[in-house]
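Close look at the chain arrangement
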4 protein chains.
Amino acid sequence: MKPVCLVLGAGAGIGGQVGKRFALGGYHSVLCRRSDKEGLDRLVTEIHDAGGEATGFQFNAVDPGSIEKCVAETEANIGPIKVVVFNLGAQVGDHDLLDTSYKVFERCWQMATFALFRVASAALPLMVERGEGALLVTSATAAVRGNAGQHAHAAAMGGRRMLCQTLNAEFSKKGVHVAHLLMDSAVDAPDTLGKILGPERFKEFRETHGMEHDGIIVPSEVANTYYHIAHQHRSSWTHEMDFRSFSDTPWWNHG
Amino acid sequence: MKPVCLVLGAGAGIGGQVGKRFALGGYHSVLCRRSDKEGLDRLVTEIHDAGGEATGFQFNAVDPGSIEKCVAETEANIGPIKVVVFNLGAQVGDHDLLDTSYKVFERCWQMATFALFRVASAALPLMVERGEGALLVTSATAAVRGNAGQHAHAAAMGGRRMLCQTLNAEFSKKGVHVAHLLMDSAVDAPDTLGKILGPERFKEFRETHGMEHDGIIVPSEVANTYYHIAHQHRSSWTHEMDFRSFSDTPWWNHG
Amino acid sequence: MKPVCLVLGAGAGIGGQVGKRFALGGYHSVLCRRSDKEGLDRLVTEIHDAGGEATGFQFNAVDPGSIEKCVAETEANIGPIKVVVFNLGAQVGDHDLLDTSYKVFERCWQMATFALFRVASAALPLMVERGEGALLVTSATAAVRGNAGQHAHAAAMGGRRMLCQTLNAEFSKKGVHVAHLLMDSAVDAPDTLGKILGPERFKEFRETHGMEHDGIIVPSEVANTYYHIAHQHRSSWTHEMDFRSFSDTPWWNHG
Amino acid sequence: MKPVCLVLGAGAGIGGQVGKRFALGGYHSVLCRRSDKEGLDRLVTEIHDAGGEATGFQFNAVDPGSIEKCVAETEANIGPIKVVVFNLGAQVGDHDLLDTSYKVFERCWQMATFALFRVASAALPLMVERGEGALLVTSATAAVRGNAGQHAHAAAMGGRRMLCQTLNAEFSKKGVHVAHLLMDSAVDAPDTLGKILGPERFKEFRETHGMEHDGIIVPSEVANTYYHIAHQHRSSWTHEMDFRSFSDTPWWNHG
């Protein structure tokens, strides 16, 4: 029975590509996403066609009990979860304070912070019992600086980062590797960047920044580093690292 | 009509002393707390006896609409809110992940992060209209590092800190001073430290660390810096600063 | 005999104004600078005219033994040094790597890092003997982020900041308050900003950003906070804080 | 002609192992160290025996012109430098301020900060001409927090970190990947940790922390991550990451 890599937020960007990479490395990838059943099925098929193992689950991670049920069913029916990739985003665009509703503020926290707490509560004790495991958390610049208009997103991501530190403080000694992976460039992902920009501007952005320009994070490339980090020797674990296109300005520099 | 200093979390520690300090400086202090009606009345009386103005409100800040109502009533009946001191804590002690319930995790966020978002949404637009104001946010070490057992507290405080940055990014230019004031030592506060330690250990802690030892942050002293920061010239505003007893080890140093 | 406030880098900007503020508060201000003897004399005269005490020293702080001699002579002839204000800058403008000579790189370190180490070595042990004292260190954004072209300045300032932390770790418990005060906006200082911009651009910059715009840090205003920090109660010391014009963008935000 | 990986500080710890790893990956490793000619020869022989290419240089990097000459000779006689691994340490143990001489303070800066500036000045322009290259900088916890007794080391490492940021700001866009790799645990290195502890305590430390305990960073393991980072796709470069044994406490947590 193959070890499982459970991906929450397995869209066409980082989540899906990381799922592919772990399947290639001998894992059974369990791919979870809220929408686009077709895209999810295609991803599973691609992995199968390449000789790998994968299962798709479609649910809204914000629904009470949904993540918990997915963890339990995966353990019961598919295999032991060795790696969790937490890839739920909570980017809602830039909005002034008065245009940020209580509902949106809470929803961002539910996706970016609380869902991480829930999956950690469900999966990490199982990893501790087995003496090994990894929790890889995709994060964003908003976890380390709060830009204008990012009230809901930054508050949720700042919480996510501190939670990664408390999880690491408790679980590292017990053999579970927690890593906070901070994306500091736009990611070439149709589900997120594509939706924020709209099809036309996304196409233009890709043509001017992506492709041979390498100005957008290429999910299949960053997936290689996720895989590397999950397999670091336990004498030399990384807890936090940033990712950025070579042509981009780091969040702390000004152009 | 005096300008108002609205204090959320006006207990016997920092909140109450800051309320006293601003009353001394010519503000009408509006003091809000959840419990201990007697203590609240005593604080108001002390301010009156010293020739100052103060009003006490008792409510649970987590209750929907409570903060919003308090802001509206204060503006309608007492005076224009010039300074908000956000002093709600969310320290629940150290607990392992499995001993941290979903309910506790959410409650910490409601107090430490969401309540700040709510009071900012209610009060900052009024300050912008008047072209001046300050939001002073008491914070804790957990906002910048997640220690073992601090899952709920650190996640909430990390969100608080990023929210202070996004509020500053939007409102500083509009004349509202947002300051994140990080307490990095225990505070000599019977309502919080006293409750966590219990009466006997609190007494012992004060005798060995506080008093002439000055090993605990003295609320009446730190209140002077709150007052100073709220009155910095707008060419030279401070957004973030730490506070620590001289005899304490900073959060980033090891003993 | 009045306590002494020793200011290294006492030009017409922050250093000089801080010297004035401490003289007003009952200190004998010892003002040290490298150039502009006339400006130094004028500053001393202004303090005398206002009823305060001040002495001016002119020397190049980079010269071996210069700072050490100044500390010794001050202690012997003027009074006990209670506060050191370290205000030497090392901003040399933006230069590409190949336009940054070894000599410039070393000179920045000598001014921004090594000179601080020297004055700390000379003065802090004296403060420890007397059980009290403060070292206030003016710093810059380059201490926390390395922008393009800032090779020499950022390397020196990054060293300065870490040195402030090691000094605090050793001396705080012994009664010496070390504070790292980070200027994150341009400062209205003819000796530094004025020289970098040239007289015409400096005049224009002041007219568009300074004066009633308050878009440049006003040295006489920031001096009030220096004075406040030096007199915080030892239960509640601040080690690090930032200063920024209300209309400026923080270093971590992007416009 | 193979591309060159130039290692400054190629002792028996991280430097040597990284040299081996890059040789294994098809590089000609140029290994530089100050002392232990025998150890250097052994390392070169081991690489040769494994079918790889390597050359050893023995010099004191602090000597004026030494690094510059090494870069020039390597380019002239061995091959184009594609990767520089800067692995010079400057740990001198914990010393109080008065036990830290001016000479030691300056020497730490020469090794930890200035030598990096020198090798960058010599090698990075060559990489820019070729449109590719990487500068991997081994760093230490002292780069981000100044502990008691670390005056010389922390000041030098704080400068190193900021310099990495300014180098990245100028050279990333030109195709040169600069990475700051922060070791936050003791490293199993006889040349450094072994010398600080002495043979007996080092042996004991290894037996209680290292070996099957994995409580010390294993150089050959961390070398794999150096290799991975040097080969990240340029759309997804990492600038900063930490390394720590699973059983160790992160620098920001308290035990």
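Quantities reported herein were computed from a predicted structural model and do not represent experimental measurements.

1. Quick word on the confidence of the model for chain A
Looking at chain A as a whole, its pLDDT mean stands at 95, while 98% of the residues score no less than 70. Per the prediction output, this complex has pTM 0.96; the corresponding ipTM is 0.96.

2. Things to note about the pairing of strand β1 (residues 4-8) of chain C
Residue and element names in this part refer to chain C. Burial analysis of β1 places five of its five residues in the buried class, the great majority of the element. In β1, alternate side chains face the same way, and those of V4, L6 and L8 on one face and C5 and V7 on the other are all buried. Here five bridges tie β1 to strand β2 (residues 28-33), and the two strands are oriented parallel to one another. Residue L8 lies in a different strand from β2, and its bridge partner there is C32. Handedness of the crossover joining β1 and β2 through helix α1 (residues 14-24) is recorded here as right-handed. Bridge count for β1 against strand β4 (residues 81-86) is five bridges, and the pairing is parallel. Paired with L8 across the strands is F86, a residue of β4.

3. Structural notes on the interface of chain D and chain A
The interface of chain D with chain A comprises 39 residues on the first partner and 39 residues on the second. In this assembly, chain D packs against chain A so that about 3100 Å² is buried in total across both faces, 47% of it on carbon and sulfur atoms. The three residues of chain D that bury the most area against chain A are R234, S235 and F246 of chain D, which together make up 22% of that side's buried surface. Taken together, the connections running from chain D to chain A amount to two salt bridges. R234 of chain D is the partner of D214 of chain A in a salt bridge, and the nearest nitrogen-oxygen pair spans 2.6 Å. Inspection of the chain D/chain A interface yields 26 residue pairs in polar contact (both at pLDDT 80 or more). Top contributing element to the side of chain D that touches chain A by residue count: helix α8 (residues 219-230) of chain D, with six residues. Partitioning the side of chain D that touches chain A into residue classes produces 12 nonpolar, 18 polar and nine charged.

4. Concerning the environment of L24 of chain D
Residues and elements named next belong to chain D. As for its placement among the helices and strands, L24 is situated in helix α1 (residues 14-24). The class of L24 is exposed, set by a relative accessible area of 66%. It is 8.0 Å that separates the C-alpha atoms of L24 and I47, two residues lying 23 residues apart in sequence.

5. Re the environment of H95 of chain A
Examined against the element boundaries, H95 of chain A turns out to sit in the loop between β4 (81-86) and α4 (102-130). In contact with H95 of chain A, not counting residues within four places along its chain, are T100, G149 and H151 of chain A together with E170 of chain B. Here V92 of chain A takes part through its backbone oxygen, which lies 2.9 Å from a polar atom of the side chain of H95 of chain A.

6. With respect to the pattern of salt bridges
Scanning all chains against the criterion turns up 45 salt bridges over all chains. Where R33 of chain D meets D36 of chain D, a salt bridge forms, and the shortest distance between an N and an O atom there is 3.6 Å. Counted as one network, the salt bridges with shared partners bring together D184, D242 and R244 of chain A.

7. Examining the packing of helix α1 (residues 14-24) of chain A against helix α2 (residues 37-49) of chain A
Residues and elements named next belong to chain A. In the contact formed by α1 and α2, the axes pass within 10 Å of each other and the chain directions differ by 20°. Here α2 runs roughly parallel to α1, going by the angle between their axes. Regarding α1 and α2, the two cross each other, and that crossing is right-handed. Here G16, G19, K20 and A23 of α1 lie close against α2, whose contacting residues are L43, E46 and I47. Among the residues making up the contact of α1 with α2, the classes are represented as three nonpolar, two polar and two charged.

8. Overview of the relation of the copies chain D and chain A
Put simply, the two copies of the chain differ by a rotation about an axis and a shift along that axis. Once chain D has been moved 0.0 Å along the axis and rotated by 180°, it coincides with chain A to within an RMSD of 0.0 Å. Here the two chains are linked by the operation of a two-fold rotation axis. For chain D, the smallest separation between a C-alpha atom and the rotation axis is recorded for M241 of chain D, amounting to 2.2 Å. Taken together, the interface assignments show that 100% of the residues at the interface of chain D recur at the interface of chain A, consistent with an identical surface on both copies.

9. Focus on the relation of the copies chain A and chain C
With an RMSD of 0.0 Å, the fit of chain A onto chain C corresponds to turning through 180° and sliding 0.0 Å along the axis. A shared binding surface is used by both copies, with 100% of the interface residues of chain A retained as interface residues in chain C.

10. Concerning the interface of chain A and chain C
Every contact between the two is made by eight residues of chain A and, on the other side, eight residues of chain C. Taking both partners together, chain A and chain C bury about 780 Å²; carbon and sulfur atoms supply 41% of that area. When the buried area of chain A at its contact with chain C is split by residue, W252, N253 and H254 of chain A rank highest and sum to 56% of it. The tally of links from chain A across to chain C stands at 12 residue pairs in polar contact (both at pLDDT 80 or more). A per-class count over the side of chain A that touches chain C returns three nonpolar, four polar and one charged.

11. Structural notes on helix α5 (residues 151-171) of chain A
Here α5 of chain A contains 21 residues, and its C-alpha end-to-end distance of 30 Å stays within 8% of the 30 Å for a straight helix at 1.5 Å per residue. In terms of burial, α5 of chain A is a largely internal element, 21 of the 21 residues being buried.

12. Thoughts on unusual backbone geometry
Both trends apply: most residues other than glycine have a negative phi, and most peptide bonds are in trans. Positioned with a positive phi, D36 of chain B is a non-glycine residue whose angle comes to about 55°. Here D36 of chain B lies in the loop between β2 (28-33) and α2 (37-49).

13. Regarding the side chain of T238 of chain A
Summarising the element assignment, T238 of chain A is placed in the loop between α8 (219-230) and β7 (240-243). What makes T238 of chain A buried here is its relative accessible area of 1%. Beyond its immediate chain neighbours, meaning those up to four positions away, T238 of chain A contacts H177, V178, A179, I229 and Q232 of chain A together with M241, D242 and F243 of chain D.

Rules and cut-offs
- Residues numbered from 1 in each chain as written.
- Chains lettered and ligands numbered in written order.
- Predicted model: local features only at pLDDT ≥ 70, side-chain atom pairs only at ≥ 80, totals over all residues.
- Heavy atoms only, no water.
- pLDDT = per-residue confidence, 0-100.
- Buried < 20%, exposed > 50% of the residue type's maximum accessible area, 1.4 Å probe, protein only.
- Helix = DSSP H or I, 4+ residues; strand = E, 2+ residues; numbered from the N terminus.
- Pairing = 2+ DSSP bridges.
- Right-handed = clockwise from strand over helix to strand, strands pointing away.
- Contact = heavy atoms within 4.5 Å.
- Buried area = accessible area lost by both parts, 1.4 Å probe.
- Salt bridge = Lys/Arg side-chain N within 4 Å of Asp/Glu carboxyl O.
- Polar contact = N/O pair within 3.5 Å; in protein donor to acceptor, adjacent residues only side chain to side chain.
- Nonpolar A, V, L, I, M, F, W, Y, C, P; charged D, E, K, R; others polar.
- Axes fitted to C-alpha atoms, helices over the stretch in contact; angles between N-to-C directions.
- Parallel < 35°, antiparallel > 145°, perpendicular 65-115°, else oblique.
- Left-handed = near helix turned anticlockwise from the far one by under 90°.
- Least-squares fit on C-alpha atoms with pLDDT ≥ 70 in both.
- Expected span 1.5 Å × (residues − 1).

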